[in-house]
Amino acid sequence: MSRAILCLFFVIATSVFACADDAATFSDDQIAFFKADVVELLTNNCLKCHAGESPKGELDLTTRAGILKGGESGPAVDLKNHADSHLITAINFESFEMPPTGQMSPAQIKTLTTWVEMGLPWPKDLHEIEFELEAGPPPVNDETKTFWSFQRVQLPSVPQVADAANNAIDAFIRHRLTDAGLHPSPSARPRELVRRMHYDLLGLPPEPADVERWAAKISSADGGLNQSGVAELVDHLLASPHYGEQWGRHWLDLVRYAETNSYERDGAKPHVWRYRDYVIQSFNDDKPYDLFITEQLAGDEIREPTPDSIIATAYYRLGRWDDEPADPKLAFYDEIDDIITTTSQTFLGLTVNCARCHDHKIDPIPQRDYYRMVAFFKNVRRYGTRGNASVLDASVTAINRPADPGIYRTALTRYENDTKDAERHLKKIEELIWDDLQDVEKEDFQFDMNRVPIVAKREGTILKAPQVKTYRKQFSRLQQLKANKPSGLADALCVKEDVRNIGPTHILTRGNPHAEAAEVTPGFPTVLSPPEAVIPDLPEGASSSGRRKVLAEWIASAANPLTARVMVNRIWQYHFGRGIVRTSSDFGFQGSRPTHPQLLDWLAAKFVESGWSVKDIHRLIMSSAAYQMSSRPNKQSYDVDPTNDLFWRFDMRRLSAEEIRDSLLWANGSLNAAKMFGPSIYTDIPAAVKAGQSRPGSGWGNSSPEDKVRRSIYIHVKRSLLDPLIESFDFADTDQTCPVRFVTTQPTQALGMMNSDFIQQQSEIFARLLQEKADSTEEQVTLALQRVVQRQPTPDEVARGLKLIETLKTEQNLNDDQARKYFCLLALNLNEFMYLD
């Protein structure tokens, strides 16, 4: 990134520094000292920040008058008490730490101290000092406020075109195509479109019989598409409970969803899966997006909090947690920064986090605005301090769900008795080994993930094998009990505030938590011309400050210029493979400009008009001819627009990691799609992969066979140990908000799809399914290809499959079962299986 370097020349004259002691006179030696030693120090260490039209902290060090006047913290120099001067304490790192790049040498500090003790000698004749000053961000003024994304959304007129096709979306698209002299691609074939729509909305393939049925329904007599049939299919898919699983996963990418804390221990987050289930259900219910925002940011502060709105605030607990930071204060601000990063980029498409240490270098976001945003979250308690008990205190609460009193009492009694019994068995064995534990082991023992490994180490010495086996069994039993408390006893991961110690928020010099500068109050980014943030008075007995609700209501307001634009752009991105704004989390100066700005605003206005209905936007997009286009290219359009900026065709895409795994399981008939929600499941991970952990296999459980084949969204997301297949196919980055997944081609993908234990097992299961469902080898090949590509295979494709099986038997000496398995392995690696037209 290039930055303009402005050369600042300023003139110091007698009239500039007229002040209370302007009668002061200085010797020639003092003036010479200033010119020879002080000017260079100020230039090299101070004036890059404290000069120009908008000096940092309002402190201008280019004039004597400016130094004596001072800035936000008062005069920089006290002529009566030199040692107490802010300038002196700052360069000694006793209050502020200046310069922020590192402390000056003792000789340099002595020079400036001597100058202050002399009374700031300064020449009274004209002097010119030249130095380079880095340009700051664009100023927040009327000109920057006219940037396209900072303008309030207005419903634009739909352009008039010769062929508007299906709806207004097409009018906007075809208007641009006409201007470029291009023509849109023809419609996709009905079977291609049925498969595309199934994957886009459900993340699953359609049954071959459903493909034929819906393909007939959406076909028109003239060879085109029957739009009433298309609309019926869209509604059918949106009504499926699997819709929430597919679109909920997109949202989990944005909010950096993971179920563990990272760092060395990477311990599990208690009850975090409830947030995942909340997201899935919210999409299925078509929860208004403005409410969806409000519940996550301030679900505990709304007028009538519900169990769901409390669960939603686990949004604040999804990030990484350092349970033993070297600098606790820095760790606190790092966690707040993670929240600001995720909130500003996900909801607003702004990189506010870039202004943590200095004014944003690209966007008109001053550092002050960053810390005004910090003030909304300053009272949020850390996820924990040390150990499970601190997490339960700071981040977990009981949620009361309605339950039949009789059933509840019976379930509660059973739960309490079973829990006590399991704890009794565990305690009996723990007492046998406690005196043998080292101090570090006793400390680690408070973390659930460490208990079984520590006990197991004593097998063969203090404990016998049956005792260790009993401990494993009872520990697993206790974990299951805790995860399945009776209704009314459920716990949820959530946000909590410390309202007893509400303190001021300060700008932190260079982001240093130990260098507090000017105090700020909660406020919104100035460049968006927002209203003032009115913080309510704290009522008696309040458990939260109400600040987050103020922020949530502003973000979720129809008047916010960014919120609706950002979300409809994301919906468009997940349908078309890229957004109208390609940088879907950066709508600022450095981000991409929209290729179709009027279309984006039209969609945003319709989104708000619909009551913030995500499903209505799906209906609009999927009913457009633009969405229904074929992915086949034509040379004329490709030569003019190779990156498809104008949407002259539909871009082919590879299936996501989850779609690949789920489709594998679906193809061989083993996918357990019926079971939704609940605690996460554990897939089989090879020991060699687990060996990469600091404690190999720690925190990775062993689910039942029926759970291991559930949909991929329910796999436990452990930051230090991901399912190998899911990870190799570009799973989302769990450490930060992930607006767009990479699509890479790498050797581990091919190796995993050909040689892994998982793919070998699934191919064998697939082969058994074929043997059960079809008699002849030809019928088995036909069925396999139908389930893999969701269409009727051609005679030539079937013949090639039969030839492969025969070759494997005759040339490789494989038996029928083995040859059938390797044919299935090949079928699951077909491009048509992995890619979506």
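Structure report, in brief. Just so it is clear, the model here is predicted, and its values are computed rather than measured.

So, how was this worked out
As a convention, each chain's residues are numbered from 1 in the sequence order in which they are written. Local features in this predicted model are restricted to residues of pLDDT 70 or higher, and side-chain atom pairs are both shown and tallied only at a pLDDT of 80 or more, whereas totals for entire chains, interfaces and linings draw on every residue. Note that water and hydrogens are dropped before the side-chain values are worked out from all heavy atoms of the structure. Put simply, DSSP H or I for four residues or longer makes a helix, DSSP E for two residues or longer makes a strand, and each gets a number counted from the N terminus. Using a 1.4 Å probe on the protein chains alone, a residue whose accessible area is under 20% of its type maximum counts as buried, one over 50% counts as exposed, and one in between counts as partly exposed. Whether two residues are in contact is decided by their heavy atoms, any of which lying within 4.5 Å being enough. Per-residue and other accessible areas follow the Shrake-Rupley method at a 1.4 Å probe size, with only the shown protein chains counted as cover for residues. Using a 1 Å grid laid over the protein atoms alone, points where a 1.4 Å probe fits but cannot get out form a cavity; open sets with protein on both sides within 12 Å along at least 5 of 7 lines form a pocket; any residue with an atom within 4 Å of a point counts as lining. Grid points are joined across faces, edges and corners, and a volume is the space filled by probe spheres set on the points. Put simply, Ala, Val, Leu, Ile, Met, Phe, Trp, Tyr, Cys and Pro go in the nonpolar bin, Asp, Glu, Lys and Arg in the charged bin, and everything else, Gly too, in the polar bin. Salt-bridge detection follows one rule: a side-chain nitrogen of Lys or Arg within 4 Å of a carboxyl oxygen of Asp or Glu.

### Considerations on the overall build of the protein
Point 1. Within the protein, the secondary structure is distributed over 35 helices and 8 strands.
Point 2. Over its C-alpha atoms, taken along the principal directions, the protein stretches across nearly 110 × 85 × 60 Å.
Point 3. Scored against the burial criterion, the 837 residues of the protein give a buried share of 53%.
Point 4. Counting contacts in the protein only where the partners sit at least 6 residues apart, residues at least 24 apart contribute 71% of the total.
Point 5. Summed over all atoms, the accessible surface of the protein reaches about 37400 Å², with 51% contributed by carbon and sulfur.

### Describing empty space enclosed by the protein
Point 1. Taken as a whole, this structure holds 5 cavities of 30 Å³ or more when the rule is applied.
Point 2. Volume-wise, the largest cavity comes out at about 80 Å³.
Point 3. Lining of the largest cavity is provided by Arg249, Glu658, Ser712, Ile713, Ile715, His716, Val717, Leu722, Asp723, Ile726 and Phe731.
Point 4. Looking at the lining of the largest cavity, its residues break down into 6 nonpolar, 2 polar and 3 charged.

### Details of the pattern of salt bridges
Point 1. Summed over the entire model, instances satisfying the criterion amount to 60 salt bridges.
Point 2. Across the pair arginine 372 and aspartate 369 runs a salt bridge whose closest N-O atoms are separated by 3.7 Å. With arginine 372 and aspartate 369 both in helix α14 (residues 367-377), this residue pair falls 3 residues apart, about one helical turn.
Point 3. For arginine 372, a relative accessible area of 14% puts it in the buried group.
Point 4. Between aspartate 730 and arginine 654 there is a salt bridge; the shortest N-O distance is 2.7 Å. Placement of the pair is aspartate 730 in the loop between α29 (724-728) and α30 (747-755) and arginine 654 in strand β7 (residues 653-654), with a sequence separation of 76 residues. The burial state of aspartate 730 is the same as that of arginine 654; both residues are buried.
Point 5. Overlapping salt bridges, with partners in common, bring together Arg265, Asp323, Glu324, Asp444 and Arg695 in one network.

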